[in-house]
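Chain and residue survey
The primary structure of each chain is shown beneath.
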Amino acid sequence: MNLISVPAFTDNYIWLLEHENQCVIVDPGDASPVLSAIEKRQLNPAAILLTHHHNDHTGGVTALKERFASIPVYGPEETRQKGATQIVHEGGVILLLGSEFSVFSVPGHTAGHLAYYSAPYLFCGDTLFSAGCGRIFEGTPEQMWGSVSRLAQLPDETLVCCAHEYTQSNLEFAHHIWPEETDIRDYLLKIRQLREKGSPSLPSRLGVERRINIFLRCNDIDLKRKFSNNMDTNTDWQIFAHLRTMKNQF
């Protein structure tokens, strides 16, 4: 299969997974760039996958359904009003393009947020970002920590196909918090150079994320020592919650 990133808005990515002139569309917030990409490559859409209900992930569904009337739209219950026709849940398996897509429940950013995994591709919406994680709007920090930790258990070669180009800003924050961590510092320099050229930083590999994503390293004793005077940050998820609050204000 061939992975195609379709830029949208200011920092979104809509993902197309192509196989033998067919494709799966993931989180089409805007139909226009998707239609352009499909027409350019002469692809036939087989399905749409939605991770959650926010408009920058669902806004193009109606126009795509008007163009491709029979296309199935898979998503969590919270996307039913945004055009989902096939409601899927934790533990579900979707057969598309001759491959299986496993459905993971990853609440936190929204209450019903889902991720889809078909090795090596992980479509995780706004749950896990490269070097970061999503804001917590409807869930709890403990839920979000559980969600990103679960995704972090996937194989090293997993490609993290998240929905926003936030990598550099996430690394700037991590470097600010943990300036002596060489993996984060070195990767920040690499991403700065990449973005200066206008190149995307995504997808990322999960093996890399486990080294440079501060939100996946909340059990690291060196990181915990930075918050040792704060009695509310004893557990891994409390360290995570503290970091997420700090990132919101960064």
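Residues numbered from 1 in each chain as written. Predicted model: local features only at pLDDT ≥ 70, side-chain atom pairs only at ≥ 80, totals over all residues. Heavy atoms only, no water.

1. Thoughts on the pairing of strand E7 (residues 93-96)
Basically, it comes down to this: Three labels apply to residues, based on accessible area from a 1.4 Å probe with only protein chains included: buried if under 20% of the type maximum, exposed if over 50%, partly exposed otherwise in between. Each helix is a run of DSSP H or I of at least 4 residues and each strand a run of E of at least 2, with the numbering of both proceeding from the N terminus. In short, DSSP must find at least two bridges between two strands for them to pair.
Burial of the side chains of E7 is restricted to one face: Ile-94 and Leu-96 are buried, whereas none of Val-93 and Leu-95 on the reverse face is. With 4 bridges connecting them, E7 and strand E8 (residues 99-105) associate as antiparallel partners. If you follow Ile-94 over to E8, its bridge partner there is Phe-101. Connecting E7 to the next strand, E8, in antiparallel fashion are 2 residues, including Leu-97 with a positive phi near 55°.

2. Points about the UniProt feature "binding site: Zn(2+) 2" (unreviewed entry) in the chain
Rule in force here: UniProt positions are given in the numbering used here, feature names are shortened, and annotations may be inferred rather than shown by experiment. Any pair of residues with heavy atoms lying within 4.5 Å of one another is described as a contacting pair.
Within this numbering scheme, the UniProt entry marks Asp-56, His-57, Asp-126 and His-164 as carrying the feature "binding site: Zn(2+) 2" (unreviewed entry). In terms of the greatest pairwise C-alpha distance, the residues named above, spread along 109 residues, form a tight cluster of at most 10.6 Å across. As for its placement among the helices and strands, Asp-56 is situated in helix H2 (residues 55-58). Excluding residues that lie within four positions of it along the chain, Asp-56 makes contacts with Phe-9, Asn-12, Asp-27, Gly-29 and His-164. Locating Asp-126 in the fold gives a position in the loop between strand E10 (121-125) and strand E11 (128-129). On the accessibility criterion, Asp-126 (5% relative accessible area) is buried.

3. Considering the pairing of E10
Burial analysis of E10 places 5 of its 5 residues in the buried class, the great majority of the element. Pairing of strand E9 (residues 114-118) with E10, which is carried by 3 bridges, proceeds in the antiparallel orientation. Paired with Tyr-117 across the two strands is Leu-122, which belongs to E10. The antiparallel hairpin formed by E9 and E10 contains 2 residues in its connecting segment. The pairing of E10 with strand E13 (residues 159-162) spans 4 bridges and is parallel. The residue of E13 that forms the bridge with Tyr-121 is Leu-159.

4. Thoughts on the pattern of salt bridges
Note the threshold: Whenever a carboxyl oxygen of Asp or Glu lies within 4 Å of a side-chain nitrogen of Lys or Arg, that contact is scored as a salt bridge.
All told, the structure shown has 13 salt bridges when counted by the stated rule. Each member of the salt-bridge network shares a partner with another, and the members are Glu-181, Arg-217 and Asp-220.

5. Side note on the UniProt feature "domain: Metallo-beta-lactamase" (unreviewed entry) in the chain
Residues given the UniProt feature "domain: Metallo-beta-lactamase" (unreviewed entry) here are residues 11-164. Note that residues 11-164 is 21% helix and 34% strand, and that its end C-alpha atoms are spaced 5 Å apart.

6. Comments concerning the domain arrangement of the chain
The accessible area lost on association of the parts is a frequent measure of interface size. The condition is simple: The start and end points of each domain follow an automatic or database-based domain assignment. In this description, buried area is defined as the sum, over both parts, of the accessible area (probe of 1.4 Å) that is lost when the two are combined. Here a polar contact is taken to be a pair of N or O atoms separated by no more than 3.5 Å, where protein atoms must pair a possible hydrogen donor with a possible acceptor and residues adjacent in sequence count only if both atoms sit in side chains.
Under the domain assignment used here, the chain contains domain 1 (1-88) and domain 2 (105-153 + 164-249). Of note, the centres of domain 1 and domain 2, computed from C-alpha atoms alone, are 25 Å apart. Listed per partner, the contact involves 22 residues of domain 1 and 23 residues of domain 2. Three residues, Asp-11, Tyr-13 and Thr-51, lead the burial of domain 1 against domain 2; their summed loss comes to 29% of the area buried on that side. Our count for the contact surface shared by domain 1 and domain 2 stands at 0 salt bridges. Where domain 1 meets domain 2, there are 14 residue pairs in polar contact (both at pLDDT 80 or more). Contributions of two or more residues to the side of domain 1 that touches domain 2 are made by strand E2 (12-19), H2 and strand E5 (73-75).

7. Let's talk about the packing of helix H5 (residues 167-177) against helix H6 (residues 182-196)
Which entries qualify depends on this criterion: Between N-to-C directions, angles cover 0 to 180 degrees, with each direction set by a line fitted to C-alpha atoms, over the stretch in contact for helices. Relative orientations are named as follows: roughly parallel for angles under 35 degrees, roughly antiparallel for angles over 145 degrees, roughly perpendicular for angles from 65 to 115 degrees, and oblique for any other angle. Each crossing gets its handedness from the near helix: less than a right angle anticlockwise from the far helix is left-handed, clockwise is right-handed. Under the grouping applied here, Gly and all other residues not named as nonpolar or charged are polar, the nonpolar ones being Ala, Val, Leu, Ile, Met, Phe, Trp, Tyr, Cys and Pro and the charged ones Asp, Glu, Lys and Arg.
Two elements in contact, H5 and H6, have axes separated by 9 Å at closest approach and are oriented at 150°. The angle between the axes of H5 and H6 places the two elements in the roughly antiparallel class. As H5 packs across H6, the resulting crossing turns out to be left-handed. Residues Thr-167, Gln-168, Leu-171, Glu-172, Ala-174 and His-175 of H5 lie in contact with H6, whose contacting residues are Ile-184, Arg-185, Tyr-187, Leu-188, Ile-191, Arg-192 and Arg-195. Taken together, the residues that form the contact of H5 with H6 break down as 6 nonpolar, 3 polar and 4 charged.

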